[in-house]
Amino acid sequence: MRKVKFRFSRKAFAYPYMIFLLLFVVVPLVIVLINAFLGDDGKLTFDNFIEFFSDASGGLTVLGNSLIIGLVTTLICLVIGYPVAYFLAKYHASSKIFVLLFILPMWVNFLIRTLSTKAIFMALDIKLGMGTIMFGMVYNYLPYMILPLHTTLVSIDHSYIEAAEDLGADRFTVLWKTVLPLSLSGIVSGVTMTFIPAISTFAISEILSSSKIFLFGDSINMYFSKATNSLGVGSVMSFVMLIIVIIANVLMSLTEKKEEVKSAL
Amino acid sequence: MKNKIGRIFADGYLGLILALMYLPIFLIIVFSFSGSSRFSFADGFTFNSYKAIFTSGAQSANLLSALKYTLILAVSASVISTVLGTFSTIGIYYLGRKVKKITLTVNQLPMINSEVVMAVSLMVFFAAFSFIFPQGMTRLIISHVAFCTPYVVLSILPRLQQMDPNMYEAALDLGSSPLAAIFKVVIPFLTPGIVSGFAMAFTLSLDDFIITQFNKGDTGIETLSTYIYEDARVKSLEPFWFAVFSIFFVVILTLLLLINIRKNKKEAAK
C-alpha cells in the first residue's frame, strides 16, 4: 500500500515538465502547421502551399538551392571528416585531448567564426559568393561530422578488423568491407547533424555572400520578419523543413544505437 | 615500414585539417594587435583594439549591456532548466512505459528540430498569446529553458538508470520520508549528471543566436550574439571586434581545454 503511494508521488515530478513541453514545444509547432493552412483572411486554404510550390515567390528555388548547398556541404564534410575520425581512432585513440581539438571550434559562436572568415576573405580580396559560402559552411559544420563518426569508429570492436586481416583481406578491403559498414550509424548521424543545420542555417550565407545568396533558413526568417509578414508561406516552409527533419531522424533511428552525440563532450 | 608511412601520412593529414580549422582564429588573434582590420602590421604592434573595447562610446556601452543580458539569460535559463530537468528526469524514470516513451520523444524534438523552425514556432506562439507573455526577458528565458532542458534530462537519465533502486527503498526503510530520500539519496547520486547538464545548458544558452534573435522582440534587449550580428554583419569587421573575438577565442578554448584535461585526469585516476 505504502509503495503504490510513493510510485505515484515520484511520477508526479514529471508532470510540470510534460505540461511545459506541451505548451512550449508541441503547441507552437502545431500553431505553425495550422498557419500553413490559413489564408490572409483566416480561412482554411491551400493557397500558401500553392504559392510555395508554384514558386511564385521563388521559395521553391531557394529550397532547391539550399538542398544542393546542404548536400555538397555534407558530402565535403564527410570526405574530409571521415579520414580525420578514422585516423584519430586508429592512431590516437588514447589521446582524448587531440580528439578534443577537432571538436572545440564548435563551441565558439558560429557568428564569430563566420565573421572572422569573412574578414579574412575580404582582406585577401576574395569575391564573396557561392565559393565562400561553401567554405564557411564546411568550416562550421566539420566538427559536427567528425564527432559522431569518431564516437562510432572508436567503439568498433578491434577483433573484427583483426579477423578480416587474418582471413586475408588487404588494408583497403578491411576499410571498405569491415570498418565502413560498421561505422554506418556514425555516418548517418554525422550526415544528419550536418545536413539539417546546413540547409536551414540562417546568417552564414547572408554574411558570406553579402546578402546576395539566400538559403532556406534566411527566407524563413524573411517571411516571418515584420517587413514581409507573410506568415502563411513561411509556415509552409517550416512545415517542409519539419518533414525533412523527421525523415532524417527516422533514417537515423533505423541505423543508430541512440548515442548521445553532442553530450559526448 | 608500411605502417610507419601510413602513420606519417595520417598525422600530416590531421595536422593540415587542424591548421585549417584554427587558421582564422589564429589570424584574428594575431591581427588584434595591429590596431587595424586590414590584416597588416602597417601601424606596428599596438593594444589600440583592446583599448577600443572600453573607449568606443555607444559601442562599448552596447557591448557591456549585451554581455550583461547574455549572462543574466544564461544563468537564469541554465538554473531553471537544471532544476526542472532534474526533477522531471526522476519523474520520467518512473512513468509508465508508453507515457515515458512519448515524453522522451517530445523531449528530443527541440534537439533534433531545425533551430529556425523552433525559433519561428515560439515567436508565433508568443505573438498569439502576447497578453500572457510580455516581450523581453520572459520570452527569452522560456525559450532558452525550452531548448536547454532536453539536454539536462538526457545527461541525468543515464546516471539514474545506473542507480540501484534499492538505495531509495533502503532510505525509506530506515525511516526517511520519500521527499527526504529524493533530496538526500537520489539527488546526491545524480550530481555528476546534474553538473554536466547544467554546464551544457549554460553553454548552449550562452552560444545561442537563432532562437534569441527571433524572440528578443523590440524591447532593445541584445545578447552578445545578436549584437554582433546587428553591428558587424553590414559593416566590415572593425578592429574593436578583432579584440573582442580574440578574448572570446582565448577564454572559451582554454576554459574547455582545462575542463576536459581535468575530466580526463579524474577518469585516469579511477
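Look above for the structure.
Heads up: these notes are all about the structure in this document. As the structure is a prediction and not an experimental result, all values here were calculated from the model. Counting of residues starts from 1 at the beginning of each chain's written sequence and follows it residue by residue. To read the labels, note that chains go from A and ligands from 1, taken in the order they are written. In view of the model being predicted, local features appear only for residues whose pLDDT reaches at least 70, and side-chain atom pairs are presented and counted only at 80 or more, with totals across whole chains, interfaces and linings using the full set of residues.

### Observations regarding the overall build of chain B
In plain terms, the rule: Each helix is a run of DSSP H or I of at least 4 residues and each strand a run of E of at least 2, with the numbering of both proceeding from the N terminus. Two things to know: the radius of gyration comes from C-alpha atoms, and the globule rule equals 2.2 Å times the number of residues to the power 0.38. Residues with at least 20 neighbouring C-beta atoms inside 10 Å of their own are called buried, those with 12 or fewer are called exposed, and the rest are partly exposed, where every C-beta is derived from the backbone. A pair of residues counts as a contact when their C-beta atoms, built from backbone coordinates, are within 7 Å of each other.
On a plain count of helices and strands, chain B comes out with 11 helices and zero strands. Radius of gyration (C-alpha) of chain B: 24 Å, far over the 18 Å computed for a compact globule of 270 residues. Dimensions of chain B, computed from the C-alpha atoms along their principal axes, are close to 75 × 70 × 30 Å. A total of 270 residues make up chain B; the buried ones form 39% of that total. Of the contacts made within chain B by residues no fewer than 6 positions apart, 76% connect residues no fewer than 24 positions apart.

### So, the nonpolar core
This is how the line gets drawn: For this analysis, nonpolar core means a set of buried Ala, Val, Leu, Ile, Met, Phe, Trp, Tyr and Cys residues linked through C-beta atoms within 7 Å. Where each domain starts and ends comes from a domain assignment, either automatic or drawn from a database.
Membership of the largest hydrophobic core comes to 130 residues, with the highest contact counts inside it found for Met237 of chain A together with Ala119 and Val120 of chain B. It is helix α7 (residues 130-155) of chain A that provides the largest number of residues to this core, a total of 12 residues. Residues from two domains meet in this core; each of domain 1 (1-36) and domain 2 (52-264) of chain A gives at least three. Methionine 237 of chain A has contacts with Phe52, Gly59, Phe216, Ser219, Ile220 and Tyr223 of chain A, leaving out every residue within four places of it along the chain.

### A few points about the interface of chain B and chain A
For interface size, the figure often reported is the accessible area lost on association. Counted only if it meets this: Think of it as three bins: nonpolar holds Ala, Val, Leu, Ile, Met, Phe, Trp, Tyr, Cys and Pro, charged holds Asp, Glu, Lys and Arg, and polar takes everything else, Gly as well.
Contact residues are listed per partner, giving 67 residues for chain B and 68 residues for chain A. Put simply, the parts of the chain that give the side of chain B that touches chain A at least two residues each are α1 (2-31), α3 (58-93), α4 (97-112), α5 (115-128), α6 (137-162), α8 (178-207), α10 (224-232) and α11 (239-269) of chain B. Ranked by the residues each element gives to the side of chain B that touches chain A, the list is headed by α1 of chain B, at 11 residues. Residue composition of the side of chain B that touches chain A, grouped by class: 48 nonpolar, 15 polar and four charged.

### Topic: the environment of aspartate 55 of chain A
Checked against the element boundaries, aspartate 55 of chain A lands in the loop between α3 (47-53) and α4 (59-91). Filtering out sequence-adjacent residues up to four positions away, aspartate 55 of chain A remains in contact with Leu60 and Thr61 of chain A.

### A word on the packing of α7 of chain A against helix α10 (residues 184-200) of chain A
Residue and element names in this part refer to chain A. Selection criterion: Note on geometry: axes are lines fitted to C-alpha atoms, helical ones only across the stretch in contact, with angles between N-to-C directions running from 0 to 180 degrees. When an angle is under 35 degrees it counts as roughly parallel; over 145 it counts as roughly antiparallel; between 65 and 115 it counts as roughly perpendicular; any other value is oblique. Should the near helix be turned anticlockwise from the far one by less than a right angle, the crossing is left-handed, and should it be turned clockwise, the crossing is right-handed.
Taken N-terminus to C-terminus, the directions of α7 and α10 make an angle of 160°; their axes are 8 Å apart at the nearest point. Relative to α10, α7 is oriented roughly antiparallel. Considering how the two elements wind past one another, α7 and α10 form a crossing that is right-handed. Across from Met137, Tyr141, Tyr144, Met145, Pro148, Leu149, Thr151, Thr152 and Leu153 in α7, the residues of α10 making contact are Ser185, Gly186, Ile187, Ser189, Gly190, Met193, Thr194, Pro197 and Ala198.

### Looking at the environment of serine 37 of chain B
With respect to the secondary-structure elements, serine 37 of chain B resides in the loop between α1 and α2 (48-55). Among the residues examined, serine 37 of chain B registers 21 C-beta atoms within 10 Å and is labelled buried. When the C-alpha positions of serine 37 of chain B and leucine 172 of chain B are compared, they lie 66 Å apart, and in sequence the two are 135 residues distant. In this structure, serine 37 of chain B is in contact with Ala119 of chain A together with Ser236, Leu237, Glu238, Pro239 and Phe242 of chain B, ignoring residues within four places of it in sequence.

### Side note on α11 of chain B
To keep things clear, this is the line we draw: Multiplying 1.5 Å by the helix residue count minus one yields the expected span of that helix.
Taking 1.5 Å per residue, 31 residues should reach 45 Å; α11 of chain B reaches 45 Å between its end C-alpha atoms and fits that length. Among all positions of α11 of chain B, only Pro239, Phe240, Trp241, Phe242, Ala243, Val244, Phe245, Ser246 and Phe249 of chain B are buried.

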